[in-house]
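Chain by chain, the residues:
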Amino acid sequence: MSSDKQGRRPAEETTTTPTTPATTSGDGGKFHFAIDRGGTFTDVHCILPTGSQLVTKLLSEDPANYPDAPTEGIRRLLHAHDGTRNYERGDKVDTNRIGSIRMGTTVATNALLEREGERMGLLITKGFGDLLEIGNQSRPDIFDLSCAKPGLLYEDVAEVEERVMLAGYCDEGRSADEIAALENEEGQVMDADGEREGGDGQPPKAGVGPRITGITGEKVIVLRRPDLTDVRAKLEAFAAKGIRSVAVVFAHSYTYGAHEQLVGQLARSMGVFTEVSLSSEVMPMVKMVPRGHTACAAAYLTPKIATYLSSFRSGFDAGLADIRLDFMKSDGGLTPVDDFGGHQAIMSGPAGGVIGYAKTAYRANQDGTAPAPVIGFDMGGTSTDVSRYDGSLEHVFETTTAGVAIQAPQLDIHTVAAGGGSRLFLRTGMFVVGPESAGAHPGPVCYRKDGYLAVTDANLVLGRVLPEHFPSIFGPQENQPLDVDGARAAFAELTQREEAAGRSAEELAYGFLQVANEAMCRPIRNLTQMKGFDITTHKLAVFGGAGPQHACAMAKALGMSSVFVHRYGGVLSAYGLSMSDAVHEEQEPTADLYWYGNPQDEADPDPSAANREKKLAVLADKCVAALEKQGYTRDEIVIERYLNMRYDGTDNAIMVQEPSDGAYASLPYAEAFREHYRREFGFELDGRDILIDDYRIRAVVLGSTPTPCKAVPSKGPPIATSTTKAYFETGWAEVPVYKFEDLEPGHEIPGPSIIVQSISTIVLETECCAVVTSDGDLDITVSHTNKADKNDDAVSIHSADGDVEMAESEVKEDPVQLSIFSHRFMGIAEQMGRTLARTAISVNIKERLDFSCALFTLDGGLVANAPHIPVHLGAMQSAVRFQVEYWSSEGREGIKEGEVLVSNHPQLAGGSHLPDITVITPVFHKGKIIFFVASRGHHSDIGGISPGSMPPHSKRLEDEGAMIVAFKLVKNGQFQEQGITDILNAPGKLEGNSGTRNLRDNLSDLRAQVAANNSGIRLLQQLVNEYGLNVVQSYMTFIQHNAESSVREMLKSFAREHGARAHAVDHMDDGTPIELTIDIDEATGDATFDFTGTGPQVLGNHNAPPAVTYSAVIYSLRSLVGLDIPLNQGCLAPVKFVIPPNSLLNPSDDAGVVGGNVLTSQRVVDVVLRAFKACAASQGCMNNLTFGDDRFGYYETIAGGAGAGPTWEGRSGVHTHCTNTRITDPEILERRYPVVLRQFALRKGSGGPGKHRGGDGVIREIEPLRPLVMSILSERRTLHPYGMAGGKEAECGRNFLIRKDGVVVNIGGRCSASIDVGERLRLETPGGGGYGKED
């Protein structure tokens, strides 16, 4: 997007660039406009009646000169190039010569980010009024104690008494007569007029009501129809408050939307509401939360777009109504203005850029070989967008923007908070770029508005941006040039800082550029390597005004050899719009079986054939009719058919386009699906059925495509316009400067040099050479010098058998490289996590994300732990170290290449609790172990005395499931399936115990953990090949030292302010104390965390092994530092632990501990934060719920209230501290398990009062559809979460069984019971404490 002044030449008046004719010729003397309205700049591309093209750029906001930038851009170009009429500023633009207008806009995006959409209300199924506020219950930043998140879109919410449920589990095993009796039972269903038929105010009884087949083919039971009289009253209440937009979200409306349709018709008939968005119309896909958010986004943003369009139209004469006016959707297709919804507009602007590079950079090579896949790199002022193209557009169907989950087709564009305006900091011994932005006002220092040091300043100081080629539009009066001296002075000031390490101002600026480049490389690696693509085979297509200054350096860092800069690179989004396809999509959910995983089950070789072809044909007809209505002919329309497919038992579907004729012999979608799955994840799920979740048709009218480039003879280097002094990796150099308009096809420009465009600046690094194509674009070849060639490889390599190779050279710590390696190490851990989430099978890992991935040194020291689950942070380090010591001890066989280790024992092997299984893989180099990678995942069942392996009343470890001290999961490259199966089934040999109840998921998830580790190994080996082993090992050590120094500074600061000793105590519900005394050495930052006074281990399961305490403390210290420091073992280096043996926090090796990981860990954090006077207590619990029978086991943890702090209100309905798992969407829960979710809402008023109020807990009420064993393991049911600094304590949690006769029974904090059909389990979780005295 065009969103920064860096590297551009903004025009207050028109800047035009005539070019060769476009592929689309003039249209009867008409002008055709394509406009990208960005946050800072608006870019306009115009095709003249002659076929020539022009581009211009102007400020998006300039109220002193014009009310609307796109209108002004059109006016300027018509004024300059149409001599037949006058186009004076202030007059309505004459539309007689306008042929068409296409636009991409950030209006919707900005409204979402700034929460400036239409005032709206939400109607939602009774019991779910707070569902969208709770969302998936996770917090965006696990170390942010305030749990901050963007505000809600809706202003008010009202619950509607309506409900449908899926019939599958309810009718399972029932005869036709029994089902007929349930259909005819009276007492709860509304009649057609909305009158209650004998309703008594109680929740509708599960299973009672008519059965209706939904559009997916699933049967639903209508438990209660909406009372339209009651709904009208709620709508009138909205209207009375001034609300004029409404979203309607009902449970299971993806398959049965009739109730939403009734309410929608009523709302529209009232004539009050300008927008009524029904979730079943906006995006009929399963998952109530993202579908609900999407409906809200449509209701919130569509009126905003309508308002903008009204303003835009007002600048033209009446003839605009007869002109084609199309808008770019987030999916990369154009749609008529009247069909443009707010939820489709989130990526409207960036989508044009994707089309631009897809149609210009993706092209066959001169030698006729296939085109290279392309990475799009769009660098703006505050952020950078990264995407990929390999012959077809890559879409995603669920994304999160500004805290709102959007369920709609969008181009797969990854955004990172690094751009030209990203601020620069020297912080904790590292160079830090962003995420804070200087913005357009005040902007970087060089804007002369008392701004902040930013990336733009670094480029300016280094001579990579030339002020003489910028207009003088800066300063308070906007009439001065860029301020080089001011920017240089700001860097000179930084040279006085210790972190500068003696660097000059220029060296500092160059260091910041290196770190900024690495921050932008990270999403490119994620986009390619995570999906199994080789990044070095890709071409980097760069656009956006600031991008060409960084592209060559980034290509070198990524190992890419080709960079493409289009002649319109600074306005490529607008240019892309001019070539975009017109698109109409239709999608419909289904629940069809496509392919049998077990041939013995096969009743039909193609079970979905009839329904599939019928549905796709109907959807295609709808698409064709919509495009024909726009004026296109049937011959112009191309139909693309898709199935959204997944393996049975998984939830992440893959959208598969119909393969071309003859691509596969039979059942082509299945083969294409398996091929995609195998490429991305490295394996297939044999024996699993393949299901269809959605049918999709994408109908396309192809836009224009530039003619292929012709080969041109070399002309050698052009004559430079001038020379300038610029800074590169070798230091200052006098380099040539070329003007882009002076370049001719065939010119070759070697680096280092600078090419100046009217709208961008291109920096050619050393070892780069640009060639001007026949179209006037730049193809840049990038050469590479392997950093490893400069580094000796023999540094402190300790083998598993104790051999040591001494270092021959010493690597000195460099703050810039420290920052870069911090990005690289964390990026590897994150990619491991993404691989695990996508390849796992279980809901626990794939949906709830209950896992962690990390990198370790040879001795098991934590280097980088992706921010997944806090309770795993320090514990995995203990597990890795144990395995290293165990297998290396005398008499053991050691660890060999091709082996993978597994363990879970909490007391003996560094585990947290038995369901958390850790998979550890050594990383080999030249036959010796150099590092370890590990992944820990919570398995939904590993046996024990109750389903879900989280028994509330276990007293011994053996009650809690399979125990693994040390086992080789992979040996000689072979997965030891029989061996691990025997271990997982072993608990069944004990009386009263069971082996694992879900072996298939266990094995699949373990394989996924192995795959995640393998991805980490591959990336670490690439890093070693790139830099050399000695450098990588050294920076693992340096980064640990950096974290240690940050924690020491925090401890010393606390001691200076509050004294050298801190003390706190809190109690478990059974009265067991957890006591902590902290003694800090103010001079060194050393600290002793002494838990003497903590109670003895208990005859229960909330004992916590030491590794859990380490994790709780490392999480607390990282949160207290308050800066984005690396998370590794260095955080604990200043800390000495004293934990009494056989205490609650250091139990014997046979003690039950399953609750210690999920309950006691939270209490330890509360005690640590209390000692540091940081904030009030949060809910202090994870509210562990398991249920199941002999056929399945399910596990979830449930949110509560967060504690308030000195400057913040506690957040409600969120996971806090040691966990951050997601909760299963209500529709997925009811689709996959025999339960009905009756209520999931905030527990209003449960947060503690105070100057800053604590967050509220939640209410979650579940009803089984067949007898199930339900177990709750919880805390804070007796002792309240504490307040702080005068704030009040929060409400305790409560657990109830609601019997069939309505009697409510308090079942206490720990309970396991068989709950029958018609009974309900109701959990009310604790709130967070308040902070400060109420005024």
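The rules we used
Residues numbered from 1 in each chain as written. Predicted model: local features only at pLDDT ≥ 70, side-chain atom pairs only at ≥ 80, totals over all residues. Heavy atoms only, no water. Helix = DSSP H or I, 4+ residues; strand = E, 2+ residues; numbered from the N terminus. Buried < 20%, exposed > 50% of the residue type's maximum accessible area, 1.4 Å probe, protein only. Contact = heavy atoms within 4.5 Å. Areas by Shrake-Rupley, 256 points an atom, 1.4 Å probe, with all protein chains shown as cover. Lys, Arg positive; Asp, Glu negative; His and termini not counted. Charge placed at Lys NZ, Arg CZ, Asp CG, Glu CD. Pairing = 2+ DSSP bridges. Axes fitted to C-alpha atoms, helices over the stretch in contact; angles between N-to-C directions. pLDDT = per-residue confidence, 0-100. Expected span 1.5 Å × (residues − 1). Arc of directions from axis to C-beta. Salt bridge = Lys/Arg side-chain N within 4 Å of Asp/Glu carboxyl O. Phe/Tyr/Trp six-rings, centres within 6.5 Å; stacked < 30°, edge-to-face > 60°. 1 Å grid on protein atoms, 1.4 Å probe; cavity = no way out; pocket = protein on both sides within 12 Å on 5 of 7 lines; lining within 4 Å. Points joined across faces, edges and corners; volume = space filled by probe spheres on them. Nonpolar A, V, L, I, M, F, W, Y, C, P; charged D, E, K, R; others polar.

Draft legend 1. How the structure looks around the overall build of the protein. Scanning the protein from N- to C-terminus turns up 26 helices and 57 strands. Across the 1335 residues in the protein, those meeting the buried criterion constitute 64%. Residue pairs in contact within the protein that sit at least 24 positions apart in sequence constitute 71% of those at least 6 positions apart. Here the protein displays about 45700 Å² of accessible surface, and carbon together with sulfur accounts for 48% of that area. Each charge class in the protein was averaged separately, 126 positive and 175 negative side chains, and the resulting centres sit 2 Å apart.

Draft legend 2. Up close: the sheet that holds strand E43 (residues 967–971). With respect to topology, seven strands assemble into an open sheet ordered E39-E38-E42-E41-E40-E43-E44, the strand pairing being antiparallel. Two strands lie at the open edges of the sheet, namely strand E39 (862–865) and strand E44 (974–975), each paired on one side alone. Here helix H21 (residues 977–985) sits on the sheet and contacts strand E40 (900–903), E43 and E44; the angle it forms with E43, its principal contact strand, is near 155°.

Draft legend 3. Representation of the confidence of the model for the protein. Predicted confidence across the protein gives a mean pLDDT of 87, with 93% of residues reaching 70 or more. The low-confidence segment residues 1–26 (pLDDT under 50) makes 119 contacts with residues lying over four places distant or belonging to another chain. Note on residues 187–199: pLDDT is under 50 here. Beyond four places in sequence and across chains, it has 30 contacts.

Draft legend 4. Spotlight on helix H10 (residues 348–360). The first and last C-alpha atoms of H10 sit 19 Å apart over 13 residues, in line with the 18 Å expected at 1.5 Å per residue. With 13 of 13 residues buried, H10 lies mostly within the body of the structure.

Draft legend 5. Focus on the sheet that holds strand E49 (residues 1184–1189). Across the sheet, which stays open at both edges, the four strands sit in the order E50-E49-E53-E56 with antiparallel pairing between neighbours. Edge positions in the sheet fall to strand E50 (1192–1197) and strand E56 (1310–1315), since each of these pairs with one other strand and no more. Put simply, the sheet's adjacent strands are angled 15° from each other on average, direction ignored. Here six bridges tie E49 to E50, and the two strands are oriented antiparallel to one another. Its bridge partner being in E50, Asn1184 is matched across the sheet by Thr1197. Lying over the sheet, helix H25 (residues 1154–1171) contacts E49, E50, strand E53 (1268–1273) and E56, oriented at roughly 50° with respect to E53.

Draft legend 6. Up close: H21. Within H21, the full set of buried residues consists of Ile980, Thr981, Ile983 and Leu984. One side of H21 carries all its buried residues, which in axial view fall inside an arc of 160°. In this fold, the buried residues of H21 make contact with E40, E43, E44 and helix H22 (999–1027).

Draft legend 7. Region of the structure containing the pattern of salt bridges. Throughout the structure, instances matching the rule amount to 73 salt bridges. A single network of salt bridges, built from pairs that share partners, joins Arg1243, Glu1261, Arg1294, Arg1320, Arg1322 and Glu1324.

Draft legend 8. Structural view of the packing of aromatic side chains. Inspection of every chain in the model, using the stated rule, returns 29 aromatic pairs. On the numbers, 6.1 Å between centres and 75° between planes, the contact of Phe1187 with Phe1192 is edge-to-face. Pair check on accessibility: Phe1187 and Phe1192 agree, each one buried. Joined through ring pairs, the aromatic side chains of Phe821, Phe825, Tyr1027, Tyr1035 and Phe1038 make up one cluster.

Draft legend 9. Inspection of unusual backbone geometry at higher detail. In this structure, the amide linkage connecting Gly751 to the following residue, Pro752, adopts the cis form with an omega of 5°. Summarising the element assignment, Pro752 is placed in the loop between strand E31 (748–750) and strand E32 (753–756). Of note, Cys147 is a non-glycine position whose phi angle comes to about 55°, a positive value. Within the element layout of this structure, Cys147 appears in the loop between helix H3 (131–134) and strand E6 (156–160). Residue Cys147 is classed as buried on the basis of its relative accessible area, which comes to 5%. A positive phi is found at Asn1142, a non-glycine position, where the angle reads about 60°. Here Asn1142 shows up in the loop between strand E48 (1135–1138) and H25.

Draft legend 10. A look at empty space enclosed by the protein. This model, assessed by the stated rule, comprises nine cavities of 30 Å³ or more. Of all the secondary structure elements, the ones that give two or more residues to the lining of the largest cavity are helix H13 (505–529), helix H18 (815–839) and H22. The volume enclosed by the second largest cavity comes to roughly 70 Å³. Residue lining of the second largest cavity: 14 residues in total, with Asp850, His938, Asn1157, Val1158 and Met1182 positioned closest to the centre. Split by residue class, the lining of the second largest cavity holds five nonpolar, seven polar and two charged.

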